Amino acid sequence: MMTNDGLALAPPNAGAEGAEHEKGSMTLMNMVGALNLALDDAMRMDDTVVLLGQDVGRDEGVFRVSADLLDRYGDQRVLDTPLAEAAIIGGAVGLALYGLKPIAEMQFSGFAYQGFHQVEQHVARFRNRTRGRFSLPMVIRMPYGGGIRALEHHSESREAYYAHTPGLYMVIPSTPRNARALLLASIQSKDPVIFYEPKASYRAFKEQVPDEPEVMPLGKAQVVREGSDITLIAYGAMMRPTLEAADELVDADGVSVEVIDLLTVSPMDTETITTSVAKTGRAVVIHEGPRTCGIGSEIVARVVEESLMYLEAPIRRITGYDVQFPYFAHERDFLPNPTRIAHAAREVLDF
Amino acid sequence: MMTNDGLALAPPNAGAEGAEHEKGSMTLMNMVGALNLALDDAMRMDDTVVLLGQDVGRDEGVFRVSADLLDRYGDQRVLDTPLAEAAIIGGAVGLALYGLKPIAEMQFSGFAYQGFHQVEQHVARFRNRTRGRFSLPMVIRMPYGGGIRALEHHSESREAYYAHTPGLYMVIPSTPRNARALLLASIQSKDPVIFYEPKASYRAFKEQVPDEPEVMPLGKAQVVREGSDITLIAYGAMMRPTLEAADELVDADGVSVEVIDLLTVSPMDTETITTSVAKTGRAVVIHEGPRTCGIGSEIVARVVEESLMYLEAPIRRITGYDVQFPYFAHERDFLPNPTRIAHAAREVLDF
Amino acid sequence: MPRKQIKIKPKVEYLSILDGKGKLDESLDPGLDDERSVALFRLMLVARRIDERCINLQRQGRIGTYGPCRGQEATHCAATMCMDPEDWVVHAYREPGSFYHRGWPMETVLRFWGGYEEGCQPPDGVNDTPIAVPIASQCLHAMGIAWGMKLRGDNHAVLCYCGDGGTSEGDFHEAMNFAGAYHLPVVFFVANNQWAISLPRDKQTASETIAQKALAYGFDGLQLDGNDALAVHVGTTEAVEKAKSGGGPTLIEAMTYRVSVHTTADDPTKYRSNKEVEKWVKLDPIPRYENYLIRRGLLDQKKIDAIDEGVLAEIAAAVESYESTEETNPMDTFDYTYDELPAELLSQRQEYKEALEREGLAKTS
Amino acid sequence: MPRKQIKIKPKVEYLSILDGKGKLDESLDPGLDDERSVALFRLMLVARRIDERCINLQRQGRIGTYGPCRGQEATHCAATMCMDPEDWVVHAYREPGSFYHRGWPMETVLRFWGGYEEGCQPPDGVNDTPIAVPIASQCLHAMGIAWGMKLRGDNHAVLCYCGDGGTSEGDFHEAMNFAGAYHLPVVFFVANNQWAISLPRDKQTASETIAQKALAYGFDGLQLDGNDALAVHVGTTEAVEKAKSGGGPTLIEAMTYRVSVHTTADDPTKYRSNKEVEKWVKLDPIPRYENYLIRRGLLDQKKIDAIDEGVLAEIAAAVESYESTEETNPMDTFDYTYDELPAELLSQRQEYKEALEREGLAKTS
Ligand SMILES: Cc1ncc(C[n+]2csc(CCOP(=O)(O)OP(=O)(O)O)c2C)c(N)n1
Ligand SMILES: Cc1ncc(C[n+]2csc(CCOP(=O)(O)OP(=O)(O)O)c2C)c(N)n1
Ligand SMILES: [Mg+2]
Ligand SMILES: [Mg+2]
């Protein structure tokens, strides 16, 4: 499904591995493996990269994303921290100021708020505040989203908080391959990146991932399926139900469906979205997070600004509702699913 | 400018003051005075109401919103706290659980993030989490917004963070009278309210405020000026430049302008907005906060869902840009102003 | 260069009463009455058996992830027993015995682990906060409740649970500091089970004890043997009495051990040795306390078996009740979010309901 | 009931060297060399004069709100003087002398108070963080920088400023705890000026000293007379040397007083007595240190006047330079937000530029 558009081999230190970048071998892996590969790539290629967070070392991360890294890079680069999110983020700010490249892990996105003030007041501001004297090349990784029968606070999606905070990149991969390429790009970025990992997709499926380091540009959405009747726009864990819905619409209704994967949620790639909707005239946006002031509302607002006159029907938002994410007994009910997406698409098509 | 629509006298304990609610006397005051009056009303009428925050007691609040309250109600009801926002909010949660009605002050909205986790994880959730066994009738007041030549972190507007958090009311008054009536309603609400006070409007102008306690319903927007050609939607400190722009459009261009004051930003009063835009077919939304995933994007998304076919032009968003609010030397440049609003309105009208 | 030493006023002490085999240090005998003594035993057994059953249910997919308290029964059972009904207990998540003692139906707690908000609904009249997942965030609520007691002149106290890992969070600090500054009737009870998932206690903080952290806030700290039910009971009782008589807060550090997994999703062999676990298994609080009661003549094997049977039957009934409860209505979340459903939520509720009906998922109403 | 007292290992001490009149306790003479001794005096005078000038400029509307350091000159001037250029100084906001000593042009600091981001731009080669407005949030950056030093094996140290009010924030706690747990080369320097806006020190926390808070984190605390420049210099030098030689962090509490307003927007007569202020004015650090240097024969009135004249001239030049700088470009904020301007921001930048041009507001480019 993923195209090679916008993919490029990692520049730094990759020279030694063969500058020609001939199509190398690939390995089939899940997203956890792919993220682990990106961390390993980054730590191998750049010895200023350090990893910090709760249980990232000996325990290898509660989802094993940092498997083997403590063994490989030692406890001066893989840092098991005490239990304090603000200190992990604020400490990473200090590490970055001192010239290291910290990759901070929040154990779950639902606990990142303990350090939200450090993100809003410092991570997002240091470059502008110091007029470029200091920048903060750092990544804050965290698993987000529902679907794994977890306890309260373990299933939310609040990418919009970060998208509403100027100065950050908010990146959300959807497959093993793009997870690896986007995480590597995030680590190489000169700007701070909030990297949301769709935990429901961690082990849900596998994909061929190049053995050579690969990066994708931040800030670019991808048309992952071309079509002309309607545009479905999603990202992260919602890509799978969205693509399923697209299949159903194609197969059962004979509709031509275009599907966009945002990949970088913010700063948003307006052009890819508006170009598509100008073509199809119809759209559904899909995300897990609450509807009000969510990414979906932003997409609609931009389409209206740029392509209102092409719109042939209201854009529907299939999202989390404006209530708290339910405890897991009802999460399957709550999460957007292919049926719900397809139904909305049909309504938009029939408008 | 403010109509009496939706105003009602405060029910609790107000009986003694005369159940007839004859039009009583009024006093001309600024917003600081009006907020102080509401706090005084609430503390007088209900002895479970307590006020807590940094410098709210002897110093009477850094903007003097709590003037005289320590003297009147004593240090068991007006609580000067140590310097810790999470403790002020989390402590208020405990006070509310114990049956008190805390009104917590954040000295500036830019420092509320130190306690944001308590808002997201507890304030917004306790009612649903305990299936109604506990509710949290509490208010978190804070001055927000630019325009007073203040230091970094003292000028931001991030109402969208709270609007994106299910379980909260997000209320923003715009004039002395509605500030008093909305604050009193917020204190009487059974649900937690984030109460953003437009500090640029604190002392900017005066209005007649009834001596009798007065409340306005939460969750209702107000049409503060009726018109048929275009709808301007704003709230808080942006109401003044918006109304100025409206005057200019009426006077100079002979346009019929409808102006909506949201008052409650979330849960949003969709109907008032969509009814108006269905009538005018054109709209501009105005706010200080960043554009991406701001209140403006939500307004556009709802108009598209409900009244797309009435839209005769793209809705323009005149907002803070997606960069950090500038240090004060350039804040006048940055803040939406009547010229910018009127210009956008003309573009929408000429579309 | 010579300096003046600063004298620190509050005290930091250590308390243990029963030795590793449950033998009483007579000089410290608190004289706990017979009924209460046996009730405490039964309560610890309840906690142990719930724990065992829940791990079982989790393995069979009948509940979700579970966080066991094995080895820590003395801490929370003996501590919560010190609280009167008008007092408040503010929970973390590893205290099944506490919920039971306070009057939460067992099936309510099962519902929490089963993925239902109803598991966080305290029964009417029970002054407890439900399981709190965000570490240490509950400490501020405990502080606030105690503040309310003080402002209202009520003679009650709050008991607040927290883990050793939790002491690193800013919320822990802010709660302790406010409690000290306002001299509030609250007992912070840190169950130091030596691990925060994979981080051992000595990497969590450089202070030699957690108890001494109280000095930063101007009140007393007490470290005690958390696998000694008597020491926990005595230490907590004193701290609660001190709180109620205007003596302000206390920080208790109960030395215990998480004998089992962090949660059923955890694999502790990755980060700790069996030897360490075995050392602590020998200090299991239940046999120690059991031996003590046997010596006191309050228990024998027959009595123990009878108690155990009763406990198991009660748990079986709770599981039965949990599993036979009708599926809850997914719409409830809308109805409990605000006191009155706002218009926007009403329309989303309708949208959700129609979707569920169309999709044949949950029953709605 | 008898308990074991727990022995607390780290120490908490008090240090003062000059008395209230500037008389030296000979037994504690640190033997600071002549040049450095006078440089410290000059630095304190710089801080005093900048302060006076800024209050003046604020009154005339030539800068915005200003937060003075009057009475606190000894704390930050003497402490920052202990730092080498490769060391880092992490600032709060009441340390004009520190910025000056570290090589920040005075007009840069004026630009901060004048409402320009340029006031937060450290000069090239200066390893400092700029003024930090969110209280105590900077403590975590200091900890992180020190962590970086340790991870890289660099032999440097970090000095971190914070106020007494700041010690209540969660960030302070988390920074101290990480610093202790990783044994980092950082000195947390709390300028305890007895007030956090209107909240007096004794209501901020119940601990008798702030220095003793170090015990919660397993390292030493040192309280010192913050109006005694020698004591500050000696205490900080030792702490920094300890940090550099692998001895870990220190918490210094410097006892001082905010003689002036909290900021120019504050009215302290609302919450404190003149008598208290007068008591502290008598302990003004500058005359005390001046007397000491006069006794040492390093200063006399003529030398003092010459120094003062030089300082005032430097400040006058800085004000002149600040006010004659061309107005900055409001577009800069767009260009500094990201390394490369994303497409969306490019279009917003254009929108902003057009608006400003239309409105005849700021000059853009
Ligand atoms: C704020 C927050 N951060 C992270 C987590 C994830 N987490 C759950 S339990 C745990 C360890 C807690 O350790 P401790 O406080 O010692 O309690 P214990 O589990 O040992 O009882 C962590 C990191 C969380 N629940 N909340
Ligand atoms: C997180 C945060 N909360 C509140 C404020 C508002 N505020 C500015 S200074 C101050 C008092 C600070 O007191 P202290 O730490 O003692 O420093 P001092 O001003 O006395 O130097 C407060 C509450 C802030 N800047 N940051
Ligand atoms: Mg633990
Ligand atoms: Mg102070």
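Just so you know, these numbers come straight off a predicted model, no measurement behind them.

1. Focus on the coordination of the magnesium ion (ligand 3)
Residues and elements named next belong to chain C. Of the protein atoms, only Asp-164 (OD), Asn-193 (OD1) and Trp-195 (O) coordinate the magnesium ion (ligand 3), at distances of 2.0 to 2.1 Å. Every donor residue of the magnesium ion (ligand 3) comes from the same chain, spaced as D-x28-N-x1-W. In this pair, Asp-164 sits in the loop between β5 (158-163) and α6 (170-181) while Trp-195 sits in strand β7 (residues 195-196), placing the two residues 31 residues apart along the sequence. For the pair formed by Asp-164 and Trp-195, the shared burial category is buried.

2. Some remarks on the site of ligand 2
In the vicinity of ligand 2, 21 residues are found, and the nearest of them are Glu-85 of chain B together with Tyr-93, Arg-94, Asp-164 and Gly-165 of chain D. Separating a nitrogen atom of ligand 2 from a backbone N or O atom of Val-133 of chain D is a distance of 2.9 Å. Protein burial of ligand 2: of its 580 Å² of free accessible surface, 95% is covered by the chains. Among the residues making up the shell around ligand 2, the classes are represented as nine nonpolar, eight polar and four charged.

3. Some words on the side chain of Gln-72 of chain D
Tracing the backbone shows Gln-72 of chain D in the loop between α1 (34-59) and α2 (73-80). Every residue in contact with Gln-72 of chain D, bar those within four places of it in the chain, is listed here: Arg-94, Ala-191, Asn-193, Thr-256, Tyr-257 and Arg-258 of chain D.

4. Examining the interface of chain D and chain A
Contacts between the two partners involve 44 residues from chain D, matched on the other side by 45 residues from chain A. For the pair chain D and chain A, the summed buried area comes to about 3,600 Å², and 62% of that belongs to carbon and sulfur atoms. The interface formed by chain D and chain A contains four salt bridges. Across the pair Asp-332 of chain D and Arg-131 of chain A runs a salt bridge, and its minimum N-O distance is 3.9 Å. Among the elements of the structure, β4 (128-129), α5 (137-152), α6 (170-181) and α12 (332-337) of chain D are those that each provide at least two residues to the side of chain D that touches chain A. Looking at side-chain class alone, the side of chain D that touches chain A contains 19 nonpolar, 12 polar and 13 charged residues.

5. As for the pattern of salt bridges
Here the structure, examined in full by the defined rule, presents 105 salt bridges over all chains. The structure contains a network of salt bridges with shared partners spanning Asp-40, Asp-41, Arg-44, Asp-68, Arg-72 and Arg-180 of chain A.

6. Some thoughts on the nonpolar core
Residues Tyr-162 of chain A together with Tyr-162 of chain B are the most contacted members of the largest nonpolar core, which totals 184 residues. Residues within four places of Tyr-162 of chain A in sequence aside, it is in contact with Ala-112, Tyr-113, Phe-116, Val-119, Met-142, Leu-168, Met-170, Ile-194 and Tyr-196 of chain A.

Cut-offs applied
All residue numbers here refer to positions counted from 1 along the written sequence of the relevant chain. Chain labels run from A onward and ligand labels from 1 onward, assigned in the order the entries are written. Where local features are concerned, this predicted model is filtered to residues with pLDDT of at least 70; where side-chain atom pairs are given and counted, the filter is 80 or more; whole-chain, interface and lining totals use all residues. By convention in this description, side-chain values take in all heavy atoms of the structure and omit both hydrogens and water. Only nitrogen, oxygen and sulfur atoms count as donors, using a 2.8 Å cut-off from the metal that widens to 3.2 Å for Na, K and Ca. Water is left out, so coordination shells may look unfilled. Secondary structure counts use DSSP, requiring at least four H or I residues in a row for a helix and at least two E residues in a row for a strand, with both numbered from the N terminus. Relative accessibility decides the category of a residue: with a 1.4 Å probe and only protein chains considered, values under 20% of the type maximum give buried, values over 50% give exposed, and everything between is partly exposed. Distances are taken per atom, and a residue is near a molecule or strand as soon as one of its heavy atoms is within 4 Å of it. Polar contacts here mean pairs of N or O atoms no more than 3.5 Å apart (in protein, one a potential hydrogen donor and the other a potential acceptor; neighbouring residues in sequence count only if both atoms are side-chain atoms). Per-residue and other accessible areas were derived by the Shrake-Rupley procedure at a 1.4 Å probe size, with only the shown protein chains allowed to occlude residues. Side-chain classes are defined by residue name, with Ala, Val, Leu, Ile, Met, Phe, Trp, Tyr, Cys and Pro counting as nonpolar, Asp, Glu, Lys and Arg as charged, and the others, Gly among them, as polar. Residue contacts follow a heavy-atom distance rule, with two residues in contact if any of their heavy atoms lie within 4.5 Å. What gets called buried area is simply the loss in accessible area from a 1.4 Å probe that two parts show on being joined, summed for both. By salt bridge we mean one thing: a side-chain nitrogen of Lys or Arg within 4 Å of a carboxyl oxygen of Asp or Glu. For this analysis, a nonpolar core means a set of buried residues of the types Ala, Val, Leu, Ile, Met, Phe, Trp, Tyr and Cys, connected via side-chain atoms within 4.5 Å.

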